[in-house]
There are 2 protein chains.
Amino acid sequence: MPYDPSAFPPFAVTVDLVVLTVRNHALCALVVRRGEPPFQGRWALPGGFVRAEEDLEAAAARELKEETGLRSHEPDGSDAGAHLEQLATYGDPQRDPRMRVVSVAHLVLAPDLPAPTAGGDARSARWATADSLLGSGDGMAREGDQAVPLAFDHDRILLDGVERARSKIEYSSLATAFCPPEFTVGELRRVYEAVWGVALDPRNFHRKVTGTPGFLVPTGGTTTRQGGRPAQLFRAGGATLLNPPMLRPEV
Amino acid sequence: MPYDPSAFPPFAVTVDLVVLTVRNHALCALVVRRGEPPFQGRWALPGGFVRAEEDLEAAAARELKEETGLRSHEPDGSDAGAHLEQLATYGDPQRDPRMRVVSVAHLVLAPDLPAPTAGGDARSARWATADSLLGSGDGMAREGDQAVPLAFDHDRILLDGVERARSKIEYSSLATAFCPPEFTVGELRRVYEAVWGVALDPRNFHRKVTGTPGFLVPTGGTTTRQGGRPAQLFRAGGATLLNPPMLRPEV
DNA sequence: GAAATAGTGTCTCTGAGACAGTATGAC
DNA sequence: GTCATACTGTCTCAGAGACACTATTTC
């Protein structure tokens, strides 16, 4: 097939967002209720069309802002914005019943937030635990007792996003993206426990994270917001790749 | 922006391929010479348009077949095809000077092959070492003594593909995708050495790979094609994730 | 015989996990 | 005081890396 720009099939390109946070010791994802067909009334991942002169990452950052008010991280690392990275691209010809849509999914990791602000085209938005959305592996989202799958192929996209997050906090410092700017070792441990769904030994965890160079930087302050003995406050250090990595138990 | 399929910007969607192999103890990538503008006469990654009713992975497999004659791996793992996986998607509005093109890059890992068959729209195709294409980090492809960058943003795509391959053989059994169906421990070690650009201790490597469950399965045969004492032949075992992982030195 | 590659044994050091014990707050 | 959490120390075991040594081929 010659590379002929005048004869290409028409595609729509969208971005979809897997926005994850940790709330109440559980990994949660942001879902919005669809206001129009297809899948009207069903829950879906936030997202929308890429504009004609817009980069993919810019489109993802714009949708994130519109749906949650969150800013994404600046490349210089200067702000407290959420982490945003490209996840994967989904282009099954049948994934949207109306037309050919290729969606570039992005993964967003954010600290715990107030209730989401439903903006733009979303009738409503909410945080749902990843477990309830992914069900027992049957791809059904639980709403009350009713099992309803997410719209389009968003179950698959969410699963890929959750798995990316679970593996990436092993060898990178990304778990700090789920924490506020200052946090304790115990709070960071609860992030790992929520994302992996396991219990970790607090003593070994403490020794490990404080001993990994560049992971945590003490800020000097302390807090007792978890009760018990005051805990040192830390912020994320400059390291992005952890060496040695954090190991997920029972792999 | 409402999800309105009748008002979307026009996009072209392509697949580009980072096809890697190991030849003469060096990691090599497949490049094709462009026959038309833009970037006429320059080297580029193989690729082409996604067809109207074609899945992204199917388009990548089709382009691979057209440009190299290689079949990609069937999902049931029954054949000896090359490994193919999605890499990332590149959609800078300026990446193609003619129009808005979003390219879904795929990574292909293949055993050493005869000279590539230039098919379809490629004037010619060749294997070039990753080092020569990536230069000293300056993004220039060497041809003789002349430094010529790859077309479009293919330098960036190639770099991402090489980095994916380098990291993925650490924790998966994908290094066997560079080997013929039956291979020796020494041949597998030379794959790691070529991809990582390091020297590994043959004795520790042997103990490690033969001790990792599910990585290698002895076929019973032996070969002396490397000279010296006859070496056992192995084929890839069922394991895809290695536990414990192979560790890249000096990280 | 020399040279080359394959494969085993053994030592040391690092780090993960188990878990005892101490420190410091709220009540 | 009790309770909860933070933090430190110590033990054991697995595995990575260094490297001596043996095995089996070609020349």
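Everything that follows concerns the structure shown earlier in this document.
All values derive from a computational prediction rather than experimental measurement. (Residues numbered from 1 in each chain as written. Chains lettered and ligands numbered in written order. Predicted model: local features only at pLDDT ≥ 70, side-chain atom pairs only at ≥ 80, totals over all residues. Heavy atoms only, no water.)

Q: An account of the interface of chain B and chain A is requested, with residue identities and associated values reported.
A: The interface of chain B with chain A comprises 41 residues on the first partner and 41 residues on the second. Regarding the contact of chain B and chain A, the summed buried area is about 3600 Å², with carbon and sulfur atoms giving 62% of it. Run the count over chain B and chain A and you get zero salt bridges. Summed over the shared surface of chain B and chain A, the number is 10 residue pairs in polar contact (both at pLDDT 80 or more). Those elements giving two or more residues to the side of chain B that touches chain A turn out to be β1 (12–23), β5 (83–90) and β6 (101–109) of chain B. Looking at the side of chain B that touches chain A element by element, the count peaks at four residues for β5 of chain B. (Contact = heavy atoms within 4.5 Å. Buried area = accessible area lost by both parts, 1.4 Å probe. Salt bridge = Lys/Arg side-chain N within 4 Å of Asp/Glu carboxyl O. Polar contact = N/O pair within 3.5 Å; in protein donor to acceptor, adjacent residues only side chain to side chain. Helix = DSSP H or I, 4+ residues; strand = E, 2+ residues; numbered from the N terminus.)

Q: Would you mind going over the packing of helix α3 (residues 154–171) of chain A against helix α4 (residues 185–196) of chain A in detail, with residue names and values included?
A: In a packed pair of helices, the relevant descriptors are the angle between the two axes and the axis-to-axis distance. Residues and elements named next belong to chain A. For the pair α3 and α4, the least separation of the axes is 9 Å and the interaxial angle reads 145 degrees. Like other packed secondary-structure pairs, α3 and α4 cross with a definite hand, here left-handed. In contact with Ala165, Arg166, Ile169 and Glu170 of α3, α4 contributes Tyr192, Val195 and Trp196. Across the contact of α3 with α4, the residue classes break down as five nonpolar, no polar and two charged. (Axes fitted to C-alpha atoms, helices over the stretch in contact; angles between N-to-C directions. Left-handed = near helix turned anticlockwise from the far one by under 90°. Nonpolar A, V, L, I, M, F, W, Y, C, P; charged D, E, K, R; others polar.)

Q: Quick one: what's the story with the environment of proline 46 of chain B, residue by residue and with numbers?
A: Considering the arrangement of structural elements, one finds proline 46 of chain B in the loop between β3 (43–44) and β4 (47–49). If sequence neighbours within four positions are ignored, proline 46 of chain B has contacts with Val15, Asp16, Leu17, Val19, Leu30, Val32 and Glu67 of chain B.

Q: Can you break down the protein's contact with DNA strand C residue by residue, with the values?
A: Near DNA strand C, the surroundings consist of 23 residues, among which Arg203, Asn204, Arg207, Lys208 and Arg229 of chain A are the closest. Per the 4 Å cut-off to the protein, sugar and phosphate atoms form 54% of the nearby atoms of DNA strand C. At a separation of 3.3 Å, a base nitrogen of DNA strand C approaches a polar side-chain atom of arginine 229 of chain A. A distance of 3.0 Å separates a phosphate oxygen of DNA strand C from a polar backbone atom of glutamine 232 of chain B. Secondary-structure elements contributing two or more residues to the surface near DNA strand C are α5 (202–211) of chain A together with α4 (185–196), α5 (202–211) and β11 (231–236) of chain B. Of the residues forming the surface near DNA strand C, the biggest block, four residues, is contributed by α5 of chain A. When grouped by side-chain class, the residues that make up the surface near DNA strand C number five nonpolar, eight polar and 10 charged. (Near = heavy atom within 4 Å.)

Q: Give me the relation of the copies chain B and chain A: which residues, what numbers.
A: Relative to chain A, chain B is turned by 180 degrees and slid 0.0 Å along the rotation axis, the superposed coordinates differing by an RMSD of 0.0 Å. Such values leave the two copies arranged in the relation of a two-fold axis. Closest approach to the rotation axis within chain B is made by the C-alpha atom of phenylalanine 11 of chain B, at a distance of 2.7 Å. Here 100% of the interface residues in chain B have copies in chain A that are interface residues too; the copies meet face to matching face. (Least-squares fit on C-alpha atoms with pLDDT ≥ 70 in both.)

Q: Requested: an account of the environment of alanine 88 of chain B, with residues and values cited.
A: By secondary structure assignment, the location of alanine 88 of chain B is in strand β5. Its relative accessible area of 18% is what places alanine 88 of chain B among the buried residues. Linking alanine 88 of chain B and valine 104 of chain B, residues 16 residues apart in sequence, is a C-alpha distance of 6.0 Å. Setting aside residues no more than four positions away along its own chain, alanine 88 of chain B makes contact with Gln86 of chain A together with Ser103, Val104 and Ala105 of chain B. (Buried < 20%, exposed > 50% of the residue type's maximum accessible area, 1.4 Å probe, protein only.)

Q: Explain the packing of aromatic side chains to me, and be specific about the residues and the numbers.
A: Residue and element names in this part refer to chain A. In total, this model carries six aromatic pairs over all chains according to the counting rule given. On the numbers, 5.6 Å between centres and 65 degrees between planes, the contact of tyrosine 192 with phenylalanine 205 is edge-to-face. In this pair, tyrosine 192 sits in helix α4 while phenylalanine 205 sits in helix α5, placing the two residues 13 residues apart along the sequence. Overall, tyrosine 192 belongs to the buried group, its relative accessible area being 0%. (Phe/Tyr/Trp six-rings, centres within 6.5 Å; stacked < 30°, edge-to-face > 60°.)

Q: Now, about the pattern of salt bridges: what can you tell me, with residues and values included?
A: Inspection of every chain in the model, using the stated rule, returns 32 salt bridges over all chains. When the shortest N-O distance is used, the salt bridge between glutamate 66 of chain A and arginine 51 of chain A registers 4.0 Å. With glutamate 66 of chain A in helix α1 (residues 56–68) and arginine 51 of chain A in the loop between β4 (47–49) and α1, the pair connects residues that are 15 residues apart, well separated along the chain. Of the charged contacts, one joins glutamate 63 of chain B and arginine 62 of chain B as a salt bridge, the two residues approaching to 3.3 Å between their closest N and O atoms. Taken individually, glutamate 63 of chain B and arginine 62 of chain B each receive the classification buried, so the pair is uniform in this respect. One continuous salt-bridge network, built from bridges that share partners, spans Arg51, Glu54, Arg62, Glu63 and Glu66 of chain A.

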